[in-house]
Amino acid sequence: MPDQPPQDGVTLTIDGRSVTVPKGTLVVEAAKLLSIEVPVFCYHHKLNPVGACRLCLVEISPGPPKPQTACTTPVAEGMTVRTNTAGAVAARADILEYELVNHPLDCPVCDKGGECPLQDYTFRHGYPTSRIDAPRLHFEKPVPLSDKIALDRERCVLCYRCTRYYDEIAWEQELTTDQRGVSSFITNQFDRPLQSIFSGNIIDLCPVGALTSRVWRFESRPWDMDHTASVCSKCAVGCNVTMWQRRHQLVRVTSHENDAVDDGWICDRGRFDYTEVNSPDRLRAPRVKGAHATWNDALDALLDGVRGKKLGISVRQDLTNEEALLLKRLVDGPWAGARVVMPRRTRIPAAEGETLHIVELERARCIVVIASDTADDVPVVNLRIKKAVSKHGARLILVHPDDLDLDRWPHGVHHVRPGAGGYAEALRDLRDHEYLKEGPVAVLYGDAQGSEDGGAIAAAAAGLAQAVGGKLMPLYRATNERGALALSLLGEETDLEGCEAVLIIGPGAPPASARFTAVWDFLLRPEHGEPDVLLPSPTFAEQQGSYTNLEGRVQFLRPPLHVEPPLRESWDVLLDIGQRLDAGLDFLGIVQIQKAAAQAAPALAALAGPPAPAAAPTAVLYGPARP
Amino acid sequence: MAELRGSHGKAKHHLLTQHFGTEGLATLKGYQKLGGYETLERALGMEPKALVDEVKASGLRGRGGAGFATGVKWSFMPPPDGGPRYVVVNADESEPGTSKDRYLMENSPHMVLEGILIAAFAVQSHQAWIYIRGEYDHPYQMLMTAIGELREAKILGDRPFGKDYALDIQVYRGHGAYICGEETALLESLEGKRAQPRSRPPYPAAKGAWARPTLLNNIETLATVPWIIKHGAAEYTKFGTEKNRGTRLLSVSGNIRKPGVYEIEIGVPFTHVIMELAGGPFEGRQIKAFWPGGSSAKVLPASRMDVTTDAEALAAADSMAGSGGCMVADDTACMVETTYRLLKFYAYESCGKCTPCRVGGNWAVRTVAKILAGEGSRLDLQILDKIQAGLQDGRCLCGLGDSAGWVVQSAMNHFPEEFEEHAVRHTCSVKRERAAASA
Amino acid sequence: MPALDIAQEEAGYLTPESMTEVAHALNLDPGYVEGVATFYSLFHLEPVGEHRLYICTNLACMLRGAYDILAHANRAIGVAETGEVSEDGLFSTEEVECLGACEYAPMMRLDHAYHYDLTPEKIDALVAERRNRKGARRHG
């Protein structure tokens, strides 16, 4: 909101300072623009305001002569807000005292300690002394909500952010409140573990130490960690994440809000699937026939092994744009004729030109999702579809043979199950549906998990989009599928069967036909078998480079961990191979590779420029003096 | 049915209760014999706006507790947009000391229903809901029987009295939660959810039941409407005080000889209500305190029985007219114990949504329990005073927290010596006297 | 909530199974139903007596001896604590908030009916009547 020029500007005064904000802005948000901290627990900018915790009490005139909640009050022209009157200051201090009446004050062993709003607000807005001598109420704790999340009911301040998130954003009911009054507590239904793939976001939302990650629990103190804002490597959505490292270990992944991509949410794969980075079994040095080797010997062995044989290359789904460019040069040159496959990719053809941006989903009046289980394929786009439907009133059409997560919308989903005529026929029949009468229409399409011809589905989706004036969004599945396609790296084939020599980059099994196998990964996996050459690779938390997400957005990685020798950057190893093969890969560093990639594919033009600067750290807000 | 305890029979100010006790009043036939539903028939021939204006002119104020001007509330309903709009009737009578809605529903269900239907037509709604507390088995049965009679007689249906205006009433039973008396919590409950109040705005007139325009009124409020429409606002304004028109029902209970539900002209003093209508204290006892408008109204000492029953006088005495539940305690009552009991109620009934009410109510209970157990100190009195202040004046999402605060504040204010005695000297003179008397 | 009423009629209280059943019937999540059920005091989540004495102890009744009535009722049905179920499973007591019949204090709700002006004798009679009925059913 701050960077948009207010069209319907409303000017108000907060603590004597004037600010102009768009109509409909809440007082609490207007105060942020002036760096005035109005503390909140229940309020969260992505959730509907409820006015439950009462911590944001301020005095507002004109209005009743008692404090009002800044989180539920929209601004009005000429409004005067005072956060620092004796009444408002006392009200907030009293609320904070109430929050601490039954709080266990176990901050020394609490994972939230150090980044805890309850601590910070009490420090800045609370009473300097404690008058509480009543025995505290106790709850059973910690309660495992799933194998990933623990709930400490004594620390809970019942802000209901978690249950509201489940209800409003994730459309789930498996997290609810039981009982009432002071006995109220948050619970998963009948203690059944949470199933949602979006469960981890409640950890980020929790303003106290009630919801903690069991993966990270008791791992490190917040102030012991460094963090960088990077990009998730688990699927093609490209959610922005904060990666936290401590002593060269990746210890935590949290959301790094980017409204253009993820709207502040990440899925549980992105949040919890990182522990392999710290595995003691990580490969650090090359091996040839099982024996440790130098990079020099290993690369020689690799090149000897593949020479003269029909070569197949399997690449990781999160192959960077830079690696893709270098591999493309190799298969266009010395390794001409090699087959390149990417496990987990869709059968969707390369996108031509601009496609629908994720953020545009919120403006759509109708969203058609074709041949994709978005909850599994592109989880955070699935959440954005939910937002478009439940908060912006978009109509929803699903074209898929199965019941889907999105069918949960109780107010009318049009679900078409393709018949014998397949998607093409189903989409032709759909054109006159009433939901499509009002635009803009967003047409999202997947590949039906390869059950039908991907090109045919794409063509049918394009036909529908053209007929109703809609905009297309291909739902690629593999992390950098769109980038690899833009560089024409990937062929039609889906496996390496028939290849005599294979280079497996990342997970994947060599085909039965392989007489020579090289594996390049950060772990030796059971499916790899016993490779002739084994090269260690950095992980998503170490490697430099960039991904192109499903909407075509190029995003740079900011790895929190260094590549420690003998480990080498993958692009560096590929350059080495290129030089050994005289392939003309004479780049002097990753920046030159990126410039070349930008020239090779217009879709990657953004690589020519410098990475967007990292988001500025959250401003430190100062509240009025404590009572 | 139990013996009638309260107003009935002819008296100038018995606008609602005059016929109570009449054989067959609860039946459609009996009610119609006394002119019942003639007013509805006439109302259906009037302009809805004229009805709203008439109620506005009568000065009728809500009898549920807040005392908001009924006609004004009706006029807040937005113009019809073709979609559904509701009248929701609050029959969740749960305010301690209040039984007048039950008295009305049990004695004259049709009067209640007639008022509801007039209101529905006045605000252009076709569907009324009665939210009745689950414990009211008998009033529920009576309403259901009466509604059945109305359906049979086609007074409920597509063409009541031949008028092309469909009317229907549904009854929804509560399941035990005082908070449902709060209008937005009631709506949540009606929608099948946990009854937690909504943050306002939006107000129910804009977005009420199922997010549609909704008028919420109390049973007694709507039961008064037929009389007003029948006799005219001018007649009604002859009763009561200038700012607080008409009559109302007070349920009088506690340590008095003749507890009952009495219809009084607003403005008579509590001495009349307690000492005359309710027969005054038992032999040898003295009135000590009274809660003039349900447990949420601040307690007043007996010396303030001269206060009149209108909202303005009660506000001036730092209490309120509330729901009309007048509870009377005599000198055998320990005011710390009564405070404890009421606080326990508010803590138990807190919905838990907002912090001060959820935590503060329970903290207050525990503090008073400590004082009652003889383990208190002067510090506990200070803490208690601080807790009650922290529950009031907009700190809470709805009025329940304020009420809990008032319970403590008023008791400590009017009976400081009793709190002092318990907290500091760890003794209770009331209990000592009680023990001495029984020995 | 009417669906939960029906479920409760069966066993006298709600079990996770019955709540789950209600949830599936209404296309809701069982957790949501549990949240609703635990909010309202008229839903029981623990076993209760066949006849439940909901005795009001709020102020109007308390001022007229409701706590003595409650203590007597517990003795009459043979339990030590309010909320316990009598050995024969026939009775349990519950201390409840104002039931809106203050002019008849002290009072209680029992078997979907209000009972007014309670005295120890009245409690004894109501309990005895139900015990005898049960006895008659057993022998008859």
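Anything mentioned here points back to the structure above.
The rules behind the values
Residue positions within a chain follow its written sequence, with the count starting from 1. Whichever chain is written first is A, and whichever ligand is written first is 1; the rest continue in order. Totals for whole chains, interfaces and linings use all residues, but because this is a predicted model, local features are given only for residues with pLDDT of at least 70 and pairs of side-chain atoms are given and counted only at 80 or more. Secondary structure elements are taken from DSSP: a helix is a run of H or I of four residues or more, a strand is a run of E of two residues or more, and numbering for both begins at the N terminus. What counts as a contact is two residues whose backbone-derived C-beta atoms lie within 7 Å of each other. Strands are labelled as partners when DSSP assigns at least two bridges between them. Classification convention: Asp, Glu, Lys, Arg as charged; Ala, Val, Leu, Ile, Met, Phe, Trp, Tyr, Cys, Pro as nonpolar; all other residues, Gly among them, as polar. With C-beta atoms placed from the backbone, the exposure class of a residue follows from how many other C-beta atoms lie within 10 Å of its own: 20 or more, buried; 12 or fewer, exposed; in between, partly exposed. Lines fitted to C-alpha atoms define the axes, with helix axes restricted to the stretch in contact, and inter-axis angles between N-to-C directions lie between 0 and 180 degrees. An angle below 35 degrees is read as roughly parallel, one above 145 as roughly antiparallel, one from 65 to 115 as roughly perpendicular, and any other as oblique. Handedness of each helix crossing follows the sense of rotation of the near helix against the far helix: counterclockwise by less than a right angle gives left-handed, clockwise gives right-handed. Remark: nonpolar core denotes a set of buried Ala, Val, Leu, Ile, Met, Phe, Trp, Tyr and Cys residues whose joining runs through C-beta atoms within 7 Å.

(A) Focus on the overall build of chain C. Across its full length, chain C carries 6 helices and 4 strands. For chain C, the spread of C-alpha atoms along the principal axes amounts to about 50 × 40 × 25 Å. When contacts within chain C are restricted to residue pairs at least 6 apart in sequence, long-range pairs at least 24 apart make up 53% of them.

(B) Examining the sheet that holds strand β5 (residues 247-254) of chain B more closely. Residues and elements named next belong to chain B. A sheet is described by the order of its strands in space; here 5 strands give the open sequence β6-β5-β9-β7-β8, paired in mixed fashion. Every other strand in the sheet has two partners, leaving β6 (260-265) and β8 (300-301) as the edge strands with one partner each. The sheet contact formed by β5 and β6 spans 6 bridges and is antiparallel. When the bridges of β6 are listed, S251 appears paired with V261.

(C) Molecular detail of unusual backbone geometry. Residues and elements named next belong to chain A. The omega angle of the peptide bond from K141 to P142 is -20°, so this bond is cis rather than trans. By the element assignment, P142 lies in the loop between α3 (117-125) and β6 (143-144). In this chain, G439 is followed by P440 through a cis amide linkage whose omega measures -5°. Summarising the element assignment, P440 is placed in the loop between α11 (422-430) and β21 (441-445). The phi torsion at S488 lies on the positive side, around 55°, for a residue other than glycine. One can find S488 in the loop between α13 (481-486) and β23 (501-505).

(D) Focus on the interface of chain C and chain B. Contact with chain C, which involves 27 residues of that partner, is made by 41 residues of chain B. When residues of the side of chain C that touches chain B are traced back to their parent elements, those giving at least two are α3 (30-39), α4 (59-62) and β4 (113-115) of chain C. Residue composition of the side of chain C that touches chain B, grouped by class: 19 nonpolar, 5 polar and 3 charged.

(E) Region of interest: the environment of Y160 of chain A. Residues and elements named next belong to chain A. Structurally, the position occupied by Y160 is in the loop between β7 (149-151) and α4 (161-169). Considering only alpha carbons, one finds Y160 and P474, 314 residues apart in sequence, at a separation of 36 Å. The contact partners of Y160, leaving out residues within four places of it in the chain, are C42, V50, A52 and T177.

(F) Spatial organisation of the pairing of strand β4 (residues 214-218) of chain B. Residues and elements named next belong to chain B. The buried count for β4 comes to 5 of 5 residues, which makes it a mostly enclosed element. Here β4 shows two buried faces, one formed by T214, L216 and N218 and the other by L215 and N217. In the sheet, strand β1 (residues 86-91) pairs with β4 via 5 bridges, with the strands oriented parallel. Residue pairing in the sheet places V87 in a bridge with L215 of β4.

(G) Seen up close, the interface of chain A and chain C. Taken together, the 11 residues of chain A in the interface contact 10 residues of chain C. Per-element tally for the side of chain A that touches chain C: the top contributor is strand β8 (residues 175-178) of chain A, with 4 residues. Class assignment of the residues belonging to the side of chain A that touches chain C gives a composition of 2 nonpolar, 6 polar and 3 charged.

(H) Structural detail: the packing of helix α8 (residues 321-332) of chain A against helix α14 (residues 570-580) of chain A. Residues and elements named next belong to chain A. Running from amino to carboxyl end, α8 crosses α14 at an angle of 15°, the nearest separation of the two axes being 9 Å. In terms of orientation, α8 lies roughly parallel with respect to α14. Taken as a pair, α8 and α14 cross one another with a handedness that is left-handed. In this structure, α8 uses E322, E323, L326, L327, R329 and L330 to contact α14, whose residues at the interface are S570, W571, L574, L575, I577 and G578. Taken together, the residues of the contact of α8 with α14 break down into 7 nonpolar, 2 polar and 3 charged.

(I) Highlighting the environment of A234 of chain B. Residue and element names in this part refer to chain B. Relative to the assigned elements, A234 resides in helix α10 (residues 233-236). Under the C-beta neighbour-count criterion, A234 is labelled exposed, with 11 such atoms within 10 Å. Distance from A234 to K29, taken between C-alpha atoms, is 29 Å for residues 205 residues apart in sequence.

(J) Layout of the sheet that holds strand β2 (residues 91-96) of chain C. All names here are of chain C. Spatial strand order, β2-β1-β3-β4: 4 strands in an open sheet with mixed pairing. Edge strands, defined here as strands with exactly one partner in the open sheet, are β2 and β4. Within this sheet the neighbouring strands show an average axis-to-axis angle of 25°, counted without direction. Relative to strand β3 (residues 108-110), strand β1 (residues 51-56) runs antiparallel, the two sharing 3 bridges. Looking across to β3, one finds that L53 is bridged to L110.

(K) Structural view of the nonpolar core. Membership of the largest hydrophobic core comes to 371 residues, with the highest contact counts inside it found for I367, V368, I370 and V443 of chain A together with L343 of chain B. Ranked by the residues each element gives to this core, the list is headed by helix α6 (residues 109-122) of chain B, at 10 residues. When sequence neighbours within four positions are dropped, the list of residues in contact with V443 of chain A reads V368, I370, A461, L464, A465, G470, K471, L472 and M473 of chain A.

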